[in-house]
Amino acid sequence: MSGGRPSLFLLDAPVTSKRPAARGMFVISMRAPEIARAVRAGQFVNLGWAGGPLLRRPFSVYRAEDDEIEVVLKSVGAGTEQLLAMKHGGVVSCLGPLGRGFDLKGKSAVLISGGLGVAPMPLAARDAKAAGLRVTWVHGARTAAELCAESAGDEVVWATDDGSKGFHGTAVAAAADADVVLACGPNRMLAAVAERWPEAQVAVETYMGCGTGVCLGCAVPLKRGGYDRACKEGPVYRAADIDWPALPSHLSYAVTA
Amino acid sequence: MSVDMAVAVGGLELRGPVLAASGTFGYGTEVPLLERRALGAMVSKGIFLRPRAGTPPPRIAETPSGMLNAIGLQGPGADALVRDYAPRWAEWDFPVLVNINGESASEYGELTARLDGVPGIAGFEINISCPNVEQGGLYFGNDPRAAAAVTEAVRRRTKLPVWVKLTPMVSDIGVIARAVESAGADALCAINTFVGMSIDLNAYKPRLSFRTGGLSGPAIRPLAVHLAHQAARAVRIPVVGIGGIACADDALEFLVAGCTAVQVGTATFVNPKAIAEVHDGIAAFLAARGFATLAELPRYLPRD
């Protein structure tokens, strides 16, 4: 850690609003001033709440503005169901910002997201534009209703598996080359990104215990052998560095009481 | 009113009875928010003599009020521990014990010899109870002769405090407790995780790649209190209670049940300040009841 200014915060963050972004997908805003100021694109927060599951749940920071941060989620289990039911003023324990974010250098960036993989992209668009990059965001989903209605950047491309909106096919197929390729989505999609752009920066999803580097639960298998931690060395990786067949491609969330 | 929380455990004088459990505090250097103010001692992540990659993911699965883990003792090996971590531990104001592992009694001995005398290492916690390694681990923990042999192998190589972390996966923990006491242990830690399994109903297979994992968290607390109590009744050396402690009342249950100190583990994943809160809560409990020292806390420990 760099000395001096604290870089990690544990805050009680009151929920300030909730809005739909796609079928079953919602954006939740919460007041977390120190985190909102410190967070960089690709970093995440680990959230816990009273009466919630035992372990915290990791979420990419979707947007950060003034004193607020936003996360995007779908109901995938008991925990996210509780979070979605939280009322205005309900308090979420917010630990972050965590992990290593995107590295934004070049003249152009293409942001490729599949489904909930939109999560880090608005912040990535903000930081990329601030760094002087021209930003194209390619949004993919199975069908038009599941496409996130929100976007950012200079150009937006839509792609649906069933052709109900925009490009008929995957977001990876719809995307053009750029100096910087950022991607987030199902790990299977990220493996396809790695095939086409080995230098792409991908944000992976894993099960996570602590989020702070001590439990070693979020192991990411590396091509050079061994594992490192999605919460610490990740969640953003150079696509070519990951041993994709060894990374679980489907996370089952059926959990807890 | 301030309460004297100091306690002596198996050869170490500790400023408080709340310790960080192995594998849940890393090497103590990872998280700036982890509260070290009230820490009685830290037990570092389990280490083998040589580096280990650990098990493939998924490594963890949450279950009701608990979690299963199969990390497989991923670690950098003894040389890296001595080079990268021990020098930092030497500067801290609380002792660090190293959780040691091996695939044979002689490997435990060799590891002890490598670490003995290194500044920053105040003692050893012998892990004879890890459920997540193919060889060694649990095997040594459920056979009294093997448990004693490992303890002796470590004891011969060091004059530092030697603690032994017991597995709950035994029919009579008292038998193992007495065996390692006779072999020269200075304290016992009870208990390590229970072996558990959870099934992914979408994939028709276990949720962990290792199939099974160690269950920790509040789900195991009553089981752990009972086993720590059974161990404490069986021996004269101190017992450090472990299992699902998340708040001061949880810790006090272990202390009243006969433990001398406690370790907090999984709770730290959720709340980086858990150890400080448990420590402060115990002090507040004692103060509210007019006790000036932790030693005055009444214990329930009928001897067999």
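Reading the values: the criteria
- Residues numbered from 1 in each chain as written.
- Chains lettered and ligands numbered in written order.
- Predicted model: local features only at pLDDT ≥ 70, side-chain atom pairs only at ≥ 80, totals over all residues.
- Helix = DSSP H or I, 4+ residues; strand = E, 2+ residues; numbered from the N terminus.
- Rg over C-alpha atoms; globule rule 2.2 N^0.38 Å.
- Buried ≥ 20, exposed ≤ 12 C-beta atoms within 10 Å, placed from the backbone.
- Contact = placed C-beta atoms within 7 Å.
- Nonpolar A, V, L, I, M, F, W, Y, C, P; charged D, E, K, R; others polar.
- Axes fitted to C-alpha atoms, helices over the stretch in contact; angles between N-to-C directions.
- Parallel < 35°, antiparallel > 145°, perpendicular 65-115°, else oblique.
- Left-handed = near helix turned anticlockwise from the far one by under 90°.
- Pairing = 2+ DSSP bridges.
- Core = buried A, V, L, I, M, F, W, Y, C linked by C-beta atoms within 7 Å.
- Domains from an automatic or database assignment.
- Right-handed = clockwise from strand over helix to strand, strands pointing away.

Along chain B, the regular secondary structure elements total nine helices and 16 strands. Relative to its length of 304 residues, chain B is compact, with a C-alpha radius of gyration of 18 Å against a globular reference of 19 Å. In terms of overall dimensions, chain B has a C-alpha envelope of 55 × 45 × 45 Å along the principal axes. Here chain B, with 304 residues, has 59% of them falling under the buried criterion.

What follows is about the interface of chain A and chain B. Counting residues at the interface gives 31 residues for chain A, matched by 32 residues for chain B. A breakdown of the residues in the side of chain A that touches chain B according to their chemical character gives 21 nonpolar, nine polar and one charged.

In this section: the packing of helix H7 (residues 248-256) of chain B against helix H9 (residues 274-288) of chain B. Residues and elements named next belong to chain B. The interhelical angle for the contact between H7 and H9, taken along N-to-C directions, is 70°, at an axis separation of 8 Å. Classified by the interaxial angle, the pair formed by H7 and H9 is roughly perpendicular. Crossing hand, H7 versus H9: right-handed. Of the residues in H9, those in contact with Ala-248, Ala-251 and Leu-252 of H7 are Val-278, Gly-281, Ile-282 and Phe-285. Per-class residue counts for the contact of H7 with H9 are six nonpolar, one polar and no charged.

What follows deals with helix H5 (residues 173-182) of chain B. Every buried residue of H5 of chain B is accounted for by Ile-173, Ile-176, Ala-177, Ala-179, Val-180 and Glu-181 of chain B. Positive phi shows up at Gly-184 of chain B, right after H5 of chain B, with a value of about 110°.

Attention shifts here to the pairing of strand S2 (residues 25-31) of chain A. All names here are of chain A. For S2, the tally of buried residues reaches six of seven residues, placing the bulk of the element in the interior. Two elements, strand S1 (residues 9-22) and S2, share six bridges in a ladder whose sense is antiparallel. Its bridge partner lying in S2, Val-15 is registered against Met-30. Hairpin connection from S1 to S2: two residues lie between these consecutive antiparallel strands, with Gly-24 at a positive phi of about 75°. Inspection of the sheet shows S2 paired to strand S6 (residues 68-74) by seven bridges, in the antiparallel sense. Note on S6: the bridge partner recorded for Ser-29 is Glu-70.

Further remarks concern the environment of Glu-152 of chain B. Residue and element names in this part refer to chain B. Take Glu-152: it is sitting in helix H4 (residues 144-155). When the C-alpha atoms of Glu-152 and Ser-106 are compared, they prove to be 10.0 Å apart, with 46 residues separating the residues in sequence. Residues within four places of Glu-152 in sequence aside, it is in contact with Ala-183 and Gly-184.

This part takes up the sheet that holds S1 of chain A. Residues and elements named next belong to chain A. Spatially, seven strands are ordered S4-S3-S7-S1-S2-S6-S5 in an open sheet, and the strand pairing comes out antiparallel. The sheet terminates laterally at strand S4 (57-60) and strand S5 (63-65), the two strands that pair on one side only. Pairwise comparison of adjacent strand axes, ignoring direction, gives a mean angle of 35° for this sheet. The sheet strands contacting helix H2 (residues 78-85) are S2, S4 and S6, and the helix crosses S6 at an angle near 130°.

Core analysis: the biggest nonpolar cluster contains 200 residues, and Val-193 of chain A together with Leu-188, Ala-228, Val-240 and Val-262 of chain B have the highest contact counts within it. No other element matches helix H6 (residues 221-234) of chain B, which puts seven residues into this core. Here this core gathers at least three residues from each of two domains, domain 1 (9-98) and domain 2 (108-246) of chain A. Discounting chain neighbours no more than four positions away, the residues touching Leu-188 of chain B are Trp-163, Val-164, Leu-166, Ala-177, Val-180, Ala-231, Val-235, Ile-237, Val-239 and Val-240 of chain B.

Our focus in this paragraph is the pairing of strand S16 (residues 261-264) of chain B. Residues and elements named next belong to chain B. Burial along S16 is two-sided: the residues Ala-261 and Gln-263 and Val-262 and Val-264 are all buried. Pairing geometry for strand S3 (residues 18-20) and S16, over three bridges, is parallel. Across the sheet, the residue bridging to Leu-19 is Gln-263, located in S16. Pairing analysis gives three bridges linking strand S15 (residues 239-242) to S16, with the strands arranged parallel. Looking at S16, one finds that Ile-242 is bridged to Gln-263. In this fold, the crossover linking S15 to S16 by way of H7 has right-handed handedness.

Moving on: the domain arrangement of chain A. Residue and element names in this part refer to chain A. By domain assignment, chain A separates into domain 1 (9-98) and domain 2 (108-246). Using only C-alpha atoms to locate each centre, domain 1 and domain 2 end up separated by 20 Å. Each partner contributes residues to the interface: domain 1 has 22 residues there, and domain 2 has 23 residues. At the level of secondary structure, the elements contributing two or more residues to the side of domain 1 that touches domain 2 comprise S1, strand S3 (44-48), S4, S5, S6 and strand S7 (91-98). In terms of residue count, S4 provides more of the side of domain 1 that touches domain 2 than any other element does, three residues in total. Across the side of domain 1 that touches domain 2, the residue classes break down as 14 nonpolar, three polar and five charged.

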